[in-house]
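Next come the chains, spelled out residue by residue.
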Amino acid sequence: MTGAAPLPANTPLQSTEDEPSRAPLLIAERIERQYDALATNGAPPTRALACISLQVEAGEFVCIVGPSGCGKTTLLRILGGLLQPTRGHVMLKGEPLTGPRPEVGYVFQHANLMPWRSVLRNVALPLELQRLPAGEIQTRAQAVLKLVGLQGFEHSYPRQLSGGMAQRAALARTLVHAPELLLLDEPFGALDAITRERMNLELLGIRQAYAYTAVMVTHSISEAVFLADRVFVMSQRPGRIVAEVAVPLPYPRTLELMGAPEFASLTREVRRAIDRQRQE
(Lines give C-alpha, C1' and ligand atoms only; values in the text may rest on other atoms or scores of the structure.)
Protein backbone atom coordinates (compact mmCIF):
# COMPACT_ATOMS: atom_id res chain seq x y z
CA MET A 1 0.00 0.00 0.00
CA THR A 2 3.04 2.26 0.01
CA GLY A 3 2.35 5.43 -1.88
CA ALA A 4 -1.40 4.81 -2.00
CA ALA A 5 -3.83 7.65 -1.55
CA PRO A 6 -5.19 8.00 1.99
CA LEU A 7 -8.66 6.88 0.90
CA PRO A 8 -10.62 6.82 -2.35
CA ALA A 9 -12.50 10.10 -2.03
CA ASN A 10 -16.08 10.76 -3.07
CA THR A 11 -16.43 7.52 -5.00
CA PRO A 12 -20.11 6.94 -5.86
CA LEU A 13 -21.83 3.62 -5.32
CA GLN A 14 -20.97 1.39 -8.21
CA SER A 15 -23.53 0.58 -10.88
CA THR A 16 -23.33 -2.36 -13.24
CA GLU A 17 -25.57 -0.72 -15.82
CA ASP A 18 -23.89 -0.02 -19.18
CA GLU A 19 -20.69 -1.68 -17.92
CA PRO A 20 -19.06 -4.74 -19.48
CA SER A 21 -19.71 -8.03 -17.72
CA ARG A 22 -17.04 -9.00 -15.20
CA ALA A 23 -16.48 -11.72 -12.65
CA PRO A 24 -17.85 -11.20 -9.13
CA LEU A 25 -15.37 -9.96 -6.53
CA LEU A 26 -16.11 -12.88 -4.20
CA ILE A 27 -17.30 -16.39 -5.08
CA ALA A 28 -17.97 -19.23 -2.64
CA GLU A 29 -18.57 -22.65 -4.17
CA ARG A 30 -20.20 -25.52 -2.26
CA ILE A 31 -18.70 -24.53 1.09
CA GLU A 32 -18.93 -27.06 3.91
CA ARG A 33 -17.36 -26.95 7.35
CA GLN A 34 -17.16 -29.77 9.85
CA TYR A 35 -15.73 -29.62 13.36
CA ASP A 36 -14.32 -32.90 14.61
CA ALA A 37 -15.37 -33.76 18.15
CA LEU A 38 -12.76 -34.46 20.78
CA ALA A 39 -11.76 -38.10 20.72
CA THR A 40 -12.32 -38.38 24.48
CA ASN A 41 -16.04 -37.64 24.47
CA GLY A 42 -17.02 -39.94 21.61
CA ALA A 43 -19.45 -37.40 20.13
CA PRO A 44 -19.93 -37.34 16.34
CA PRO A 45 -18.40 -34.49 14.32
CA THR A 46 -20.39 -31.25 14.13
CA ARG A 47 -21.43 -30.20 10.65
CA ALA A 48 -21.56 -26.42 10.81
CA LEU A 49 -22.10 -25.51 7.13
CA ALA A 50 -23.64 -27.53 4.30
CA CYS A 51 -23.00 -26.82 0.62
CA ILE A 52 -23.14 -23.01 0.59
CA SER A 53 -22.64 -21.20 -2.69
CA LEU A 54 -22.88 -17.43 -3.15
CA GLN A 55 -21.44 -14.58 -5.16
CA VAL A 56 -20.83 -10.94 -4.22
CA GLU A 57 -20.36 -8.27 -6.87
CA ALA A 58 -17.89 -5.42 -6.46
CA GLY A 59 -19.57 -2.50 -4.68
CA GLU A 60 -22.38 -4.62 -3.20
CA PHE A 61 -23.47 -4.64 0.42
CA VAL A 62 -24.72 -8.11 1.39
CA CYS A 63 -26.19 -9.12 4.76
CA ILE A 64 -26.47 -12.63 6.19
CA VAL A 65 -29.21 -13.44 8.70
CA GLY A 66 -30.36 -16.64 10.36
CA PRO A 67 -30.99 -18.31 13.72
CA SER A 68 -28.31 -18.34 16.42
CA GLY A 69 -25.80 -21.12 15.97
CA CYS A 70 -26.48 -21.58 12.25
CA GLY A 71 -22.86 -20.90 11.24
CA LYS A 72 -23.03 -17.24 10.13
CA THR A 73 -19.74 -16.31 11.80
CA THR A 74 -18.10 -19.52 10.58
CA LEU A 75 -19.11 -18.63 7.02
CA LEU A 76 -17.82 -15.07 7.40
CA ARG A 77 -14.46 -16.33 8.68
CA ILE A 78 -14.19 -18.63 5.67
CA LEU A 79 -15.06 -15.77 3.30
CA GLY A 80 -12.23 -13.76 4.88
CA GLY A 81 -9.62 -16.51 4.70
CA LEU A 82 -9.45 -16.79 8.50
CA LEU A 83 -10.77 -20.35 8.42
CA GLN A 84 -10.49 -23.03 5.75
CA PRO A 85 -13.59 -24.95 4.59
CA THR A 86 -13.71 -28.72 4.96
CA ARG A 87 -14.99 -28.88 1.39
CA GLY A 88 -15.49 -26.33 -1.37
CA HIS A 89 -13.48 -23.22 -2.12
CA VAL A 90 -13.57 -19.41 -2.09
CA MET A 91 -12.33 -17.20 -4.93
CA LEU A 92 -11.40 -13.55 -4.34
CA LYS A 93 -10.77 -11.44 -7.43
CA GLY A 94 -10.51 -14.63 -9.47
CA GLU A 95 -7.87 -16.22 -7.25
CA PRO A 96 -8.25 -19.00 -4.65
CA LEU A 97 -8.50 -17.63 -1.10
CA THR A 98 -6.25 -19.77 1.07
CA GLY A 99 -5.59 -17.36 3.94
CA PRO A 100 -5.92 -13.73 5.05
CA ARG A 101 -5.39 -11.18 2.28
CA PRO A 102 -4.60 -7.44 2.55
CA GLU A 103 -7.63 -6.64 0.38
CA VAL A 104 -9.94 -7.95 3.13
CA GLY A 105 -10.82 -6.01 6.28
CA TYR A 106 -12.62 -7.49 9.29
CA VAL A 107 -14.75 -5.68 11.89
CA PHE A 108 -15.78 -7.72 14.95
CA GLN A 109 -18.64 -7.30 17.42
CA HIS A 110 -16.26 -5.91 20.04
CA ALA A 111 -13.95 -3.02 19.19
CA ASN A 112 -10.87 -4.70 20.75
CA LEU A 113 -8.96 -1.43 20.89
CA MET A 114 -5.62 -1.39 22.68
CA PRO A 115 -6.31 0.54 25.91
CA TRP A 116 -2.78 1.94 26.17
CA ARG A 117 -2.91 3.50 22.70
CA SER A 118 -4.75 6.67 21.73
CA VAL A 119 -7.49 6.54 19.11
CA LEU A 120 -5.05 7.81 16.49
CA ARG A 121 -2.41 5.21 17.37
CA ASN A 122 -5.00 2.41 17.41
CA VAL A 123 -6.10 3.38 13.91
CA ALA A 124 -2.51 3.78 12.73
CA LEU A 125 -1.44 0.32 13.93
CA PRO A 126 -2.05 -1.57 10.63
CA LEU A 127 0.05 1.01 8.77
CA GLU A 128 2.80 0.83 11.38
CA LEU A 129 2.93 -2.94 10.90
CA GLN A 130 3.43 -2.28 7.18
CA ARG A 131 6.35 0.00 8.14
CA LEU A 132 5.03 2.92 6.10
CA PRO A 133 6.63 6.36 6.48
CA ALA A 134 5.50 8.22 9.59
CA GLY A 135 4.11 11.13 7.57
CA GLU A 136 1.97 8.87 5.42
CA ILE A 137 0.69 7.01 8.48
CA GLN A 138 -0.35 10.29 10.12
CA THR A 139 -2.08 11.58 6.98
CA ARG A 140 -4.03 8.42 6.30
CA ALA A 141 -5.05 7.86 9.92
CA GLN A 142 -6.28 11.46 10.24
CA ALA A 143 -8.23 11.15 6.97
CA VAL A 144 -10.07 8.00 8.02
CA LEU A 145 -10.85 9.38 11.50
CA LYS A 146 -12.49 12.36 9.80
CA LEU A 147 -14.42 9.96 7.57
CA VAL A 148 -15.94 8.12 10.56
CA GLY A 149 -16.68 11.30 12.50
CA LEU A 150 -13.94 11.04 15.13
CA GLN A 151 -12.04 14.18 14.22
CA GLY A 152 -11.08 15.86 17.48
CA PHE A 153 -10.79 12.58 19.40
CA GLU A 154 -7.40 11.54 17.99
CA HIS A 155 -5.67 11.76 21.37
CA SER A 156 -8.46 10.22 23.44
CA TYR A 157 -8.07 6.72 24.88
CA PRO A 158 -10.55 3.83 24.50
CA ARG A 159 -11.76 4.21 28.11
CA GLN A 160 -12.89 7.75 27.26
CA LEU A 161 -15.08 6.66 24.34
CA SER A 162 -18.72 5.63 24.22
CA GLY A 163 -19.60 2.25 22.73
CA GLY A 164 -20.52 3.80 19.41
CA MET A 165 -17.33 5.86 19.26
CA ALA A 166 -15.24 2.79 20.05
CA GLN A 167 -16.87 0.93 17.15
CA ARG A 168 -16.19 3.90 14.88
CA ALA A 169 -12.54 3.71 15.88
CA ALA A 170 -12.50 -0.04 15.16
CA LEU A 171 -14.08 0.61 11.76
CA ALA A 172 -11.51 3.32 11.05
CA ARG A 173 -8.70 0.91 11.96
CA THR A 174 -10.04 -1.49 9.34
CA LEU A 175 -10.66 1.14 6.66
CA VAL A 176 -7.26 2.80 7.03
CA HIS A 177 -5.59 0.33 4.68
CA ALA A 178 -8.44 0.74 2.15
CA PRO A 179 -9.67 -2.87 1.90
CA GLU A 180 -11.70 -3.83 -1.14
CA LEU A 181 -13.83 -6.27 0.85
CA LEU A 182 -15.17 -5.40 4.30
CA LEU A 183 -16.47 -8.25 6.49
CA LEU A 184 -18.57 -7.22 9.50
CA ASP A 185 -19.49 -9.72 12.21
CA GLU A 186 -22.46 -8.27 14.15
CA PRO A 187 -20.48 -5.04 14.67
CA PHE A 188 -23.29 -3.13 16.40
CA GLY A 189 -24.87 -5.97 18.36
CA ALA A 190 -23.63 -4.72 21.73
CA LEU A 191 -24.92 -1.17 21.22
CA ASP A 192 -28.23 0.29 22.36
CA ALA A 193 -30.96 0.73 19.73
CA ILE A 194 -30.48 4.47 19.18
CA THR A 195 -26.70 4.22 18.87
CA ARG A 196 -27.11 1.22 16.57
CA GLU A 197 -29.35 3.24 14.23
CA ARG A 198 -26.80 6.06 14.17
CA MET A 199 -24.03 3.60 13.34
CA ASN A 200 -26.10 2.21 10.48
CA LEU A 201 -26.38 5.71 9.07
CA GLU A 202 -22.64 6.21 9.54
CA LEU A 203 -21.95 3.00 7.65
CA LEU A 204 -24.13 4.12 4.74
CA GLY A 205 -22.49 7.53 4.74
CA ILE A 206 -19.03 6.02 4.66
CA ARG A 207 -20.14 3.83 1.77
CA GLN A 208 -21.09 6.92 -0.21
CA ALA A 209 -17.58 8.32 0.28
CA TYR A 210 -15.64 5.07 -0.03
CA ALA A 211 -17.22 2.45 -2.31
CA TYR A 212 -16.21 -0.73 -0.52
CA THR A 213 -17.81 -4.15 -0.94
CA ALA A 214 -19.27 -5.56 2.28
CA VAL A 215 -20.61 -8.79 3.74
CA MET A 216 -22.23 -8.33 7.15
CA VAL A 217 -23.63 -10.82 9.64
CA THR A 218 -26.51 -9.52 11.75
CA HIS A 219 -29.34 -10.86 13.89
CA SER A 220 -31.50 -7.85 13.04
CA ILE A 221 -33.80 -8.25 10.04
CA SER A 222 -34.56 -4.52 9.87
CA GLU A 223 -30.84 -3.68 10.00
CA ALA A 224 -30.15 -6.13 7.16
CA VAL A 225 -32.87 -4.65 4.95
CA PHE A 226 -31.82 -1.08 5.77
CA LEU A 227 -28.17 -1.63 4.85
CA ALA A 228 -28.09 -4.31 2.19
CA ASP A 229 -28.54 -4.66 -1.55
CA ARG A 230 -29.26 -8.35 -0.96
CA VAL A 231 -30.04 -10.42 2.14
CA PHE A 232 -29.08 -14.09 2.43
CA VAL A 233 -31.12 -16.19 4.87
CA MET A 234 -29.43 -19.20 6.48
CA SER A 235 -31.06 -22.31 7.89
CA GLN A 236 -30.47 -23.89 11.26
CA ARG A 237 -27.32 -26.00 11.62
CA PRO A 238 -25.91 -27.25 9.39
CA GLY A 239 -26.19 -23.80 7.86
CA ARG A 240 -27.43 -23.54 4.29
CA ILE A 241 -28.57 -20.59 2.20
CA VAL A 242 -32.34 -21.06 2.02
CA ALA A 243 -33.37 -17.69 0.55
CA GLU A 244 -31.95 -14.64 -1.20
CA VAL A 245 -33.94 -11.41 -0.97
CA ALA A 246 -33.09 -8.47 -3.22
CA VAL A 247 -33.47 -5.03 -1.60
CA PRO A 248 -34.23 -2.51 -4.37
CA LEU A 249 -34.61 0.45 -2.01
CA PRO A 250 -33.12 3.71 -3.33
CA TYR A 251 -30.10 5.57 -1.97
CA PRO A 252 -29.51 7.62 0.05
CA ARG A 253 -31.40 5.75 2.76
CA THR A 254 -32.66 7.53 5.87
CA LEU A 255 -34.30 6.29 9.06
CA GLU A 256 -37.67 7.50 7.74
CA LEU A 257 -37.42 4.69 5.19
CA MET A 258 -38.08 2.18 7.97
CA GLY A 259 -41.67 3.41 8.14
CA ALA A 260 -42.30 2.93 4.41
CA PRO A 261 -44.57 0.13 3.13
CA GLU A 262 -41.81 -1.16 0.85
CA PHE A 263 -39.48 -1.56 3.81
CA ALA A 264 -42.10 -3.42 5.82
CA SER A 265 -42.80 -5.72 2.88
CA LEU A 266 -39.12 -6.64 2.54
CA THR A 267 -38.69 -7.31 6.25
CA ARG A 268 -41.75 -9.57 6.15
CA GLU A 269 -40.26 -11.46 3.21
CA VAL A 270 -37.01 -12.08 5.09
CA ARG A 271 -38.89 -13.05 8.26
CA ARG A 272 -41.08 -15.51 6.34
CA ALA A 273 -37.96 -17.13 4.88
CA ILE A 274 -36.55 -17.59 8.39
CA ASP A 275 -39.86 -18.92 9.74
CA ARG A 276 -40.24 -21.38 6.84
CA GLN A 277 -36.91 -23.06 7.44
CA ARG A 278 -37.61 -23.27 11.21
CA GLN A 279 -40.78 -25.22 10.47
CA GLU A 280 -39.09 -27.70 8.12
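Look up a bit, the structure's there.
Residues numbered from 1 in each chain as written. Predicted model: local features only at pLDDT ≥ 70, side-chain atom pairs only at ≥ 80, totals over all residues. Heavy atoms only, no water.

Here we come to helix 5 (residues 193-209). The terminal C-alpha atoms of helix 5 lie 25 Å apart, and with 17 residues this matches the ideal 24 Å at 1.5 Å per residue to within 8%. Among the residues of helix 5, those classed as buried are Arg 196, Met 199, Asn 200, Leu 203, Leu 204, Ile 206, Arg 207 and Ala 209. Buried residues belonging to helix 5 abut strand 3 (61-65), helix 3 (134-147), helix 4 (163-175), strand 7 (181-185), strand 8 (213-217) and helix 6 (221-227). N-capping of helix 5 is provided by Asp 192, with a side-chain oxygen placed 3.1 Å from the backbone N of Ile 194. (Helix = DSSP H or I, 4+ residues; strand = E, 2+ residues; numbered from the N terminus. Expected span 1.5 Å × (residues − 1). Buried < 20%, exposed > 50% of the residue type's maximum accessible area, 1.4 Å probe, protein only. Contact = heavy atoms within 4.5 Å. Polar contact = N/O pair within 3.5 Å; in protein donor to acceptor, adjacent residues only side chain to side chain.)

Time to look at unusual backbone geometry. Across the junction of Arg 237 and Pro 238, the peptide omega takes the value -5°, indicating a cis bond. The residue Pro 238 is located in the loop between strand 9 (230-234) and strand 10 (241-246) in this model. Cis geometry marks the peptide bond from Tyr 251 to Pro 252; its omega dihedral reads -5°. Checked against the element boundaries, Pro 252 lands in the loop between strand 10 and helix 7 (261-279). Here the phi dihedral of Cys 51 falls at roughly 50°; this positive angle occurs in a residue that is not glycine. Along the polypeptide, Cys 51 turns up in strand 2 (residues 46-56). With a relative accessible area of 34%, Cys 51 lands in the partly exposed category. Positive phi values are uncommon outside glycine, yet Lys 93 reaches one of about 55°. Structurally, the position occupied by Lys 93 is in the loop between strand 4 (87-92) and strand 5 (95-96).

Keep in mind that these numbers describe shape and distance, not what the molecule does.
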